Amino acid sequence: MTTDDRALLADLFDAAIRAADPARALAPHLPSVPHGRTVVIGAGKGAAQLARAFEDAWPAPCEGVVVTRYGYGARTRQIRVLEAAHPVPDAAGAEGCRALFDAVADLTEDDLVVALITGGGSALLPAPPEGFTLEDEQALNAALLSSGAPISAMNAIRKHFSGSKGGRLAAAAHPARVVSLIVSDVPGDDPAQVASGPTVPDRTNAEAARAAIRTYGIELPERLTDHIATCRAPDPDDPVFARNEVRVIASAAKSLEAAARLAAQRGLKAHILSDAIEGEAREVARVHAAIARECAARGRPFAPPALILSGGETTVTLKGQGRGGRNTEFLLALAQDIDGTRGITALAADTDGIDGSEDNAGAFADGTTVGRLRAAGHDPAALLQNNDAYTAFEATGDLFSPGPTGTNVNDFRAILVRPAS
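Fair warning: this is a prediction, and the values are worked out from it, not measured in the lab. (Residues numbered from 1 in each chain as written. Predicted model: local features only at pLDDT ≥ 70, side-chain atom pairs only at ≥ 80, totals over all residues. Heavy atoms only, no water.)

Attention now moves to the sheet that holds strand β1 (residues 38-43). Strand order in the open sheet formed by 6 strands is β3-β2-β1-β4-β5-β6, and the pairing between neighbours is parallel. Looking at strand neighbours, the two that pair on one side only are β3 (79-84) and β6 (245-250), the edges of this open sheet. Averaged over neighbouring strand pairs, the angle between their axes works out to 20° when direction is ignored. Bridging between β1 and strand β2 (residues 63-69) involves 5 bridges; their strand directions are parallel. Directly across from Ala 43, in β2, lies its bridge partner Val 67. (Pairing = 2+ DSSP bridges. Helix = DSSP H or I, 4+ residues; strand = E, 2+ residues; numbered from the N terminus. Axes fitted to C-alpha atoms, helices over the stretch in contact; angles between N-to-C directions.)

Time to look at the pattern of salt bridges. Following the criterion strictly, the structure yields 28 salt bridges and no others. With its nearest N and O atoms 3.4 Å apart, the salt bridge here joins Lys 165 to Glu 137. Remark: Glu 137 occurs in helix α6 (residues 134-145) and Lys 165 occurs in the loop between α7 (151-158) and α8 (168-173); sequence separation between them is 28 residues. Both residues of the pair, Lys 165 and Glu 137, count as buried. Ionic contacts of the salt-bridge type, sharing partners, join the residues Glu 313, Arg 326, Asp 350, Asp 411 and Arg 413 into one network. (Salt bridge = Lys/Arg side-chain N within 4 Å of Asp/Glu carboxyl O. Buried < 20%, exposed > 50% of the residue type's maximum accessible area, 1.4 Å probe, protein only.)

Before going further, it helps to spend a moment on the environment of Pro 126. Here Pro 126 shows up in the loop between α5 (121-124) and α6. Since its relative accessible area comes to 2%, Pro 126 is described here as buried. Pro 126 sits 32 residues away from Arg 158 along the chain, and the two C-alpha atoms are 9.8 Å apart. Every residue in contact with Pro 126, bar those within four places of it in the chain, is listed here: Pro 89, Asp 90, Gly 93, Ala 94, Cys 97, Leu 134, Glu 137 and Lys 165. (Contact = heavy atoms within 4.5 Å.)

A separate point is the pairing of strand β10 (residues 362-366). Judged by how many residues are buried, β10 sits mostly within the fold: 5 of 5 residues are covered. Across 2 bridges, β10 lies against strand β11 (residues 399-400) in antiparallel orientation. Within β11, the position partnered with Ala 363 by the bridge is Leu 399.

Further remarks concern helix α13 (residues 326-337). Here α13 spans 17 Å end to end across 12 residues, near enough to the 16 Å set by a 1.5 Å rise per residue. With 10 of 12 residues buried, α13 lies mostly within the body of the structure. Of all the positions in α13, only Arg 326, Asn 327, Thr 328, Glu 329, Phe 330, Leu 331, Leu 332, Ala 333, Leu 334 and Ala 335 are classed as buried. (Expected span 1.5 Å × (residues − 1).)

In this structure, Asn 387 sits in the loop between α15 (380-385) and α16 (389-396). Of the polar contacts made by the side chain of Asn 387, one reaches the backbone nitrogen of Gly 320; its length is 2.8 Å. Contacts of Asn 387, omitting those with residues within four sequence positions, involve Arg 282, Val 316, Thr 317, Leu 318, Lys 319, Gly 320, Gly 322, Arg 323, Gly 324 and Glu 329. (Polar contact = N/O pair within 3.5 Å; in protein donor to acceptor, adjacent residues only side chain to side chain.)

Turning our attention to the packing of α7 against helix α9 (residues 206-215). Contact pair α7 / α9: the axes reach a minimum separation of 8 Å and the direction vectors enclose 125°. Put simply, α7 runs oblique to α9. In this structure, α7 meets α9 at a crossing whose hand is left-handed. From α7, Ala 153, Ala 156 and Ile 157 reach across to α9, where they touch Ala 208, Ala 209, Ala 212 and Ile 213. Residue composition of the contact of α7 with α9, by class: 7 nonpolar, no polar and no charged. (Parallel < 35°, antiparallel > 145°, perpendicular 65-115°, else oblique. Left-handed = near helix turned anticlockwise from the far one by under 90°. Nonpolar A, V, L, I, M, F, W, Y, C, P; charged D, E, K, R; others polar.)

See the structure below:
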């Protein structure tokens, strides 16, 4: 891959991030100032940056607390920022969740609660049901993360084993009005799915949760499955939610469109496949690779030079013991399918700046990646089988590590196809 092509793909990623920047996205969606107090609550990987942007834009006093991932904090003046573990919850998250409930206690009809919600909030707001422990919720979360289930299925289960998710935090704020400002990281931008919807109830029921457990073969202790089978999540038609509003202020669609506009300014025709792609990362990669090869070989469905963009949230069913995340796994599979093909360069990265639990957002790959891996003494197929994509791209020097971005609109994939000559 050329340095220029890598730089171009990195610039496209930056454009996608700017489109989801809290300072830009938040201001047009602010509610009116209430007669009473303004209480800000929030959770997610971009919650601290949203809190800072809210303070800068809000024309009145405010108070409150948000919870974000360790290392993702931001300096604020009136809103407390707490940090906790992600993707597996810890005691700091449980304390942060209690702080959010304390912040919305004893409010009146004249008060306003502004909920700043981004992806990652599910793990950051652990609240095990009565009779269960944080260790139970940690076990549930670990089982979900390794299952390969899509986010909608995981959230159906989480909402039936939680004291905070599925609208429960908004219900606790009644009779105050709750306005949820959401940065979506889920396919389809359903606000009830972002962070498992702590302030947005939906119609997911216990049967859907049980069906997800069966479909994806998720092994849980019997006492957990028994609770999930009998739990009732809040009803969206409950009068406690009647005055509330929900606004999606940033999403994968907006970010991909921003990247496409920058590509056009650079003389490249961009083609957005979808902003809501789900499925096993390695299988999604093979479809993308087939499209890219077809473009390179036959000029269809897109004649090169062409840029193929997509977003959404793929999954990885863990079978090995390696290091990596869904974006690096996508790229390692793609690299094997474009091995030896000239003119194809790809970047896949998580828009929050961290792919899985490592320190990179993603990586770059092209038709030389597999050959360079073998030259370094690695077997690409064995690395993929072991879910060890981080090791692969560390060995080739192709990791992409921009650091925490302050936002989260899920996966960003860009494949540049140039004429083979």
